[in-house]
Amino acid sequence: MQALSPFKLLSRFGAAFMEVALDVGGMAVLLYKVIRCFFPPKLDGMETWRNLYKVGVKSAPIVVVTALLTGAIMVIQSGALVAQFDAFGLLGWGAGFATLREVGPIMIGLMFSGRVGANNTAELGTMKVTDQIDALRALAIDPITYLLVPRFIAIVLMMFLLTIVGDLTALVGGAYTGQVLLGVSPSLFASSVIEYIKLEDLFNGLFKAFTFGVAIAVVSSHYGMTTSGGAVGVGRSVNNSVVASAVLIFVLDYFITSILH
Amino acid sequence: MIRISEVYKYRGHECVINGVNLVIPQGTQVGLIGPGGAGKSLLMKICAGLVRPDSGSVLIDGTEVVGIGDVEMTSVRSKIGMLFQNYALFDFMTVEENIGFPLRQLGGRTEEEIRDEVNRLLLAVDLPNTQKLFPNELSGGMKKRVTFARAVIANPPILFYDDPTAGLDPVTSGKIFALLEERRERGGTTSIVVSHDILGMRDICDSFVLMDHGRIVFSGTREEIEASTRPFVGQFWRGEADD
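All of these numbers come straight from a predicted model, not from anything done at the bench.

What counts and how
Residues numbered from 1 in each chain as written. Chains lettered and ligands numbered in written order. Predicted model: local features only at pLDDT ≥ 70, side-chain atom pairs only at ≥ 80, totals over all residues. Heavy atoms only, no water. Contact = heavy atoms within 4.5 Å. Salt bridge = Lys/Arg side-chain N within 4 Å of Asp/Glu carboxyl O. Polar contact = N/O pair within 3.5 Å; in protein donor to acceptor, adjacent residues only side chain to side chain. Helix = DSSP H or I, 4+ residues; strand = E, 2+ residues; numbered from the N terminus. Nonpolar A, V, L, I, M, F, W, Y, C, P; charged D, E, K, R; others polar. pLDDT = per-residue confidence, 0-100. Core = buried A, V, L, I, M, F, W, Y, C linked by side-chain atoms within 4.5 Å. Buried < 20%, exposed > 50% of the residue type's maximum accessible area, 1.4 Å probe, protein only. Pairing = 2+ DSSP bridges. Axes fitted to C-alpha atoms, helices over the stretch in contact; angles between N-to-C directions. Phe/Tyr/Trp six-rings, centres within 6.5 Å; stacked < 30°, edge-to-face > 60°. Lys NZ or Arg CZ within 6 Å of the ring centre and 35° of its normal. Expected span 1.5 Å × (residues − 1).

Let's shift gears to the interface of chain A and chain B. Taken residue by residue, the interface counts 18 residues in chain A and 21 residues in chain B. In this structure, the connection of chain A to chain B is made through two salt bridges. There are three residue pairs in polar contact (both at pLDDT 80 or more) connecting chain A and chain B. Secondary structure elements with two or more residues in the side of chain A that touches chain B: helix 2 (45-57), helix 4 (91-129) and helix 5 (132-138) of chain A. Counting residues per element, the side of chain A that touches chain B draws most heavily on helix 5 of chain A, at six residues. Classifying every residue of the side of chain A that touches chain B by side-chain character gives nine nonpolar, two polar and seven charged.

The next point concerns the confidence of the model for chain A. On average, residues of chain A score 91 in pLDDT, and 99% of them are at 70 or above. Mean pLDDT in chain A bottoms out at helix 3 (residues 60-84) of chain A, which sits at 89, and peaks at helix 8 (residues 199-225) of chain A, which reaches 95.

A word on the nonpolar core. In terms of nonpolar packing, the biggest core is built from 79 residues, with Phe-112 of chain A together with Ile-4 and Phe-160 of chain B touching the most fellow members. Ranked by residue count, the leading element in this core is helix 6 (residues 143-182) of chain A, at twelve residues. Beyond its immediate stretch of four places on either side in the chain, Phe-112 of chain A contacts Val-55, Ser-59, Gly-117, Ile-155, Met-158, Met-159, Leu-162 and Ile-216 of chain A. By size, the runner-up hydrophobic cluster in this structure holds 39 residues, among which are Ile-33, Leu-121, Leu-179 and Val-233 of chain B.

Following Phe-39 of chain A, the chain continues into Pro-40 of chain A via a peptide bond in cis, with omega recorded as -10°. Along the chain, Pro-40 of chain A falls in the loop between helix 1 (6-36) and helix 2. Backbone geometry at Asn-129 of chain B places phi at a positive 60°, although glycine is not the residue there. For Asn-129 of chain B, the location among the structural elements is in the loop between helix 4 (111-124) and helix 5 (140-152). The backbone of His-213 of chain B shows a phi angle near 50°, a positive value even though the residue is not glycine.

Here we take up the sheet that holds strand 2 (residues 14-24) of chain B. All names here are of chain B. Across the sheet, four strands lie side by side as 2-1-4-5; this open sheet has antiparallel pairing. Every interior strand has two partners, whereas the edge strands, strand 2 and strand 5 (63-64), have only one. Here eight bridges tie strand 1 (residues 2-11) to strand 2, and the two strands are oriented antiparallel to one another. By the bridge assignment for strand 2, Arg-11 is matched with Glu-14. The strands touched by helix 1 (residues 40-47) are strand 1, strand 2 and strand 4 (55-60); relative to strand 1, the strand with the most contacts, the crossing angle is about 120°.

A separate point is the packing of aromatic side chains. Enumeration according to the criterion identifies nine aromatic pairs over all chains in this entry. Judged by centre distance (5.8 Å) and plane angle (35°), the ring pair of Trp-93 of chain A and Phe-97 of chain A falls under tilted. Here Phe-97 of chain A and Trp-93 of chain A lie together in helix 4, a separation of four residues that amounts to about one turn. Relative accessible area serves as the criterion here: at 34%, Trp-93 of chain A is assigned to the partly exposed category. Seen from their ring centres, Tyr-254 of chain A and Phe-255 of chain A are 5.3 Å apart, and the 80° between their planes marks the pair as edge-to-face. The class of Phe-255 of chain A is partly exposed, set by a relative accessible area of 48%. Following the ring pairs from residue to residue traces out a cluster consisting of Tyr-146 of chain A together with Phe-90, Phe-92 and Phe-101 of chain B. Above the face of the Phe-90 of chain B ring, Arg-150 of chain B is positioned so that its terminal group lies 4.7 Å from the ring centre.

Moving on to the environment of Thr-94 of chain B. Residues and elements named next belong to chain B. Within the fold, Thr-94 resides in the loop between strand 6 (80-83) and helix 3 (95-106). For the pair Thr-94 and Lys-132, spaced 38 residues apart in sequence, the C-alpha separation works out to 5.5 Å. Once you skip the residues sitting within four places of it in the chain, Thr-94 turns out to touch Gln-131, Lys-132, Leu-133 and Phe-134.

Attention now goes to the side chain of Thr-147 of chain B. Looking at the secondary structure, you find Thr-147 of chain B in helix 5. In this structure, Thr-147 of chain B is in contact with Leu-83, Phe-84, Tyr-87 and Leu-89 of chain B, ignoring residues within four places of it in sequence.

Before going further, it helps to spend a moment on helix 1 of chain A. Since the α-helix turns once every 3.6 residues, residues separated by three or four places project in the same direction. Residues and elements named next belong to chain A. With 31 residues, helix 1 should reach 45 Å at 1.5 Å per residue; the first-to-last C-alpha distance of 44 Å fits that figure. Among the residues of helix 1, Met-27, Leu-30 and Val-34 are the ones counted as buried. Where the residues of helix 1 are buried, they touch helix 6 and helix 8.

Right, let's talk about the pattern of salt bridges for a bit. For the structure shown, the criterion picks out 18 salt bridges over all chains. Notably, a salt bridge pairs Asp-131 of chain A with Lys-45 of chain B, separated by 3.7 Å at the nearest N-O pair. Taken as a pair, Asp-131 of chain A in the loop between helix 4 and helix 5 and Lys-45 of chain B in helix 1 lie in two separate chains rather than in one. A single burial state applies to Asp-131 of chain A and to Lys-45 of chain B, both of which are buried. Of the charged contacts in the structure, one is a salt bridge between Glu-226 of chain B and Arg-222 of chain B, with a shortest N-O distance of 3.1 Å. Residue Glu-226 of chain B and its partner Arg-222 of chain B are located together in helix 8 (residues 222-227), separated by four residues, close to a single helical turn. Overall, Glu-226 of chain B belongs to the partly exposed group, its relative accessible area being 39%. Through salt bridges with shared partners, a single ionic network connects Glu-47, Arg-50, Lys-54, Glu-123 and Arg-151 of chain A.

Structure below.
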């Protein structure tokens, strides 16, 4: 294989940088346009309900299953240490602290980006390449107000609410696993949670869930609305959306954890 | 009236709309014809404000649409109906919801009034009992007729038809052209029809505009285009192959 000349290397680096800059700029503009629609509030009620149902109700079963297993895994991981130091009274704190602050929002965020974000990009991307977005504009309907604002509300709100559901379910899963594997009674597990876990830990995780929701909504909508090139383009957009959402979730998590620690 | 003046559009370094000037008087139906890639659909999208030209002016009923804000553009678009080449039906809506959508968005009508209007149009386009079907359950010809019904339901004074018969069999194409002719005969609508189907367009347009490589190469009535001595014009009109 022939080595690239420094000029070509620089040119490729520049092109890649420009691509990222265009995407980041596009997402910032999109977020601004969506926020602008809230002052005064402009949105389609029917479309909002449809999206709340699709994003929230249909995601609930998978969130519950993921969260139950997450709680169980946290107990299995900490179980050996708890048994070694005979610290059964700290099992609820150990599992709950990590779940509420970190693992819960991250797991649900990644699951949301894969399920809801990818679906959002595919839907908007297909609408874009089949002229449905242009058809809306031709009918004097703003696609931001009609399509994006309801999706934004549904993703952010449901990410937040399902994280609460997921946190509670994870604690139930942890308590059950603690009883089955370590013989820790649910009441001891619960008292450990209540005694050691602060509301601040819960709010920390919920703040992360909110920001992850905003990130997933903006990233998936941006890639959907900038899709071109038919079915291949839709596939490429979905791929970019899932990867970018996942990376952004970890980047945001790093900064929020650093600031709120 | 639609007035297009010195419109240019570039795609990369290539000039895809090259200094187009065109006036479409109120109440006339103009056939926009030309070979594939001539810029017909793009010019139509520029007229509808869906694509912004790099320079030039487009006046729709006296309002400049190039460079205006979203609010002003929304007011201009409320006068426009558009039939898209690849249907552009909303695939999450039924036929009934698709056709009634412009009226619902305009407001001021009850659900019953909208349903009556949708049913009347479905009968007019020969698609009874399809209200509850989704676009993926329709054939190409049926989708085109639904798209037509959606474009005209709000009675817009300006209509753009982008290749209304593309990919359709001759019988269905004939039905679509009959709908366009019926619409023209009612009067008062200014419209542009983009099509490759010269035979079908001959009797339904008041005048024709022939485009090639982003330029208008001929503009005139059917009689004028038939009398033209320019080889390209005659060859395209008669559908003759190169020697």
